[in-house]
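Each chain is listed here by its residues.
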Amino acid sequence: MTAEDAPITSLLSRVLVALTIETDNEFEHRVPHFTSNHGATPGGGVWLASYATYANFLRFVGDAGIAMGELATRAGYPPPVHPAWHGMRRWGYVTYTPDIAGPSPRKADSDAVVRATAMGARARDTWVAVLDDLAARWSARGLDALQAALIPIVADVERPLPEYVPTVEWGRRQPQLLQPVSRPPIELNLLGLLAQLLTAMTYDFEAKTPLSLATFAGLLEPLGDEPVPTRHLYERTGIATKEWSSAMKQLAEEGLVDVGGKPKTIALTEEGAAVCAEARRLRADVETAWAKQHGPSWEHLRHELARVVADAWDWTEPYPDNWRSRVKVPRRLAGHPVVSHRGGYPDGS
């Protein structure tokens, strides 16, 4: 399938994932941090996380702090707390006053004041600097036309949308955010525009089926008709092994895949193939509706996405000191982001 024929959601995802990885690489290169598998930079820092943690949480935490209930509301979640509250504290980005204790937040925790730690504030400000610098890089790369094509279409979306894809792991549907606070499309960066259109289309798809678009387009669709060695899943789908290790068992229990053999393989069952066929039809219906609504503007957007997507993998080239330079990462961009709770990475890393 050529880029001109690919689903718009797939094109949006591949460009979004590539630009996010590029953004993450730049952030990692600039800010002191530590990781589980690759050690720490001199002087410590925050636990390394992806752009989603900034866009969906940290950007709301100003120097004066913010009440947790207000932060959750601004991000689109019902109080008392933002669902990322524990991770953002554990990773060293924020503190809570009074502290939020235990695994089950109470109503009173809505009043806790969220403040950035010294390193959390540095991380927040680094994200802002990175985004400013990348805007110039993306413009020099010729992506202004894509940004211009996205703005009027995103501006027509009636429901409030977050500035990045929310945490959506392999088996979960996209959360129904309430009133997330976002800047107008004309003020959004390219990441925000891509994410908002993909989020809106994902909502439309998931209104028609209990299957999540992340599960279908990110995991099941790339499997194809023949068994795939499980050791090749990252290479085949662009979704990291950590996510697949959780997904395989559940997908098998649901009767969508068969897993077994030596070497271990995974394959769609007859039911899984039927589910994918129906999902393709529903996705096509969603995209047809968007095309009818936007006419020539939609075809122009498709042209711009198809024009740039062939080069998207090149944007992900890591610095020598980045963690991605130390692991075998496949030249594959996911058909839908699978935003991990382990740090918001769009490929489930």
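In this report, the structure presented in the accompanying data block is examined. Please read all numbers here as calculations on a predicted model, not as lab measurements.

1. Structural notes on the overall build of the chain
Part 1: Secondary structure assignment for the chain yields 12 helices and nine strands.
Part 2: In terms of overall dimensions, the chain is globule-like: its C-alpha atoms have a radius of gyration of 20 Å, near the 20 Å expected for 349 residues.
Part 3: In the chain, which comprises 349 residues, the share counted as buried stands at 53%.
Part 4: In the chain, of all internal contacts separated by at least 6 residues, the share reaching a separation of at least 24 is 70%.
Part 5: Per element, the accessible surface of the chain, about 15,100 Å² overall, is 53% carbon and sulfur.
Part 6: Averaging the locations of the 36 positively and 42 negatively charged side chains of the chain gives two centres separated by 5 Å.

2. Let's talk about the sheet that holds strand β7 (residues 228-229)
Sheet strands associate in pairs through backbone hydrogen bonding, adopting either a parallel or an antiparallel arrangement.
Part 1: Pairing in this open sheet of three strands is antiparallel, and the strands run β7-β9-β8 from one edge to the other. In this open sheet, the two strands that pair with only one neighbour each are β7 and β8 (257-260).
Part 2: Bridge count between β8 and strand β9 (residues 265-268): four bridges; the pairing is antiparallel. Pairing of G260 across the sheet is with T265, part of β9.

3. Considering the pairing of strand β5 (residues 94-97)
Part 1: Going residue by residue along β5, you find V94 and Y96 tucked away on one face and T95 and T97 left uncovered on the opposite face.
Part 2: Bridging between β5 and strand β6 (residues 113-116) involves four bridges; their strand directions are antiparallel. By the bridge assignment, T97 is partnered in β6 with V113.

4. Considerations on the pairing of β9
Part 1: Relative to β9, β7 runs antiparallel, the two being bridged by two bridges. Counterpart to V228 in the pairing with β9 is I266.
Part 2: Where β8 folds back onto β9 in an antiparallel hairpin, the turn is made up of four residues, including G261, whose phi is positive at roughly 90°.

5. A word on the environment of E187
Part 1: Inspection of the secondary structure assignment puts E187 in the loop between α6 (144-155) and α7 (190-206).
Part 2: Taking C-alpha positions, E187 is 32 Å from L282, a pair spaced 95 residues apart along the chain.

6. Overview of the nonpolar core
Part 1: Judged by nonpolar contacts, the single largest core of 109 residues is most densely connected at Y93, Y96, L197 and W244.
Part 2: It is α7 that contributes the most residues to this core, 11 residues altogether.
Part 3: For W244, the contacting residues outside a window of four places in its chain are L219, L223, L233, T237, I239, L251 and I266.

7. Examining unusual backbone geometry
Part 1: In this structure, P80 follows P79 across a cis peptide bond, with omega equal to 20°.
Part 2: Take P80: it is sitting in the loop between α3 (68-75) and α4 (85-90).
Part 3: Residue P98 is reached from T97 by a cis peptide bond, and omega for that bond is -10°.
Part 4: By the secondary structure assignment, P98 is in the loop between β5 and β6.

8. Concerning helix α11 (residues 270-294)
Part 1: Over its 25 residues, α11 extends 36 Å from the first C-alpha to the last, a length consistent with the 36 Å expected when each residue adds 1.5 Å.
Part 2: Taken together, the buried positions of α11 are occupied by G272, C276, A279, L282, R283, V286, E287, W290 and H294.
Part 3: Packed against the buried residues of α11 are α1 (8-30), α6, α7, α8 (213-220), β9 and α12 (296-309).
Part 4: G295 lies just past α11 and shows a positive phi near 55°.

What counts, and where the lines are drawn
- Residue positions within a chain follow its written sequence, with the count starting from 1.
- Reporting in this predicted model follows two pLDDT cut-offs: at least 70 for local features of residues, and 80 or more for side-chain atom pairs to be given and counted; totals over whole chains, interfaces and linings ignore these cut-offs and use all residues.
- Side-chain numbers come from the whole structure's heavy atoms, not from hydrogens or water.
- Where helices and strands are cited, they refer to DSSP runs of H or I of at least four residues and of E of at least two residues respectively, numbered from the N terminus.
- Only C-alpha atoms enter the radius of gyration; for comparison, a globular chain is expected to reach 2.2 Å times N to the power 0.38, where N is the number of residues.
- Accessible area is worked out with a 1.4 Å probe on protein chains only. A residue is then buried under 20% of its type maximum, exposed over 50%, and partly exposed in between.
- For this analysis, residues touch if any pair of their heavy atoms sits within 4.5 Å.
- Reported accessibility uses the Shrake-Rupley method at a 1.4 Å probe radius. Residues are deemed covered only where the shown protein chains occlude them.
- Only four residue types enter the charge count: Lys and Arg as positive, Asp and Glu as negative, with His and the chain ends excluded.
- Working definition for charges: the position is that of NZ of Lys, CZ of Arg, CG of Asp or CD of Glu.
- Here, strands pair whenever DSSP counts at least two bridges between them.
- The nonpolar core is taken to be a set of buried Ala, Val, Leu, Ile, Met, Phe, Trp, Tyr and Cys residues, with the residues joined through side-chain atoms within 4.5 Å.
- Each helix should span, by expectation, one fewer than its residue count multiplied by 1.5 Å.

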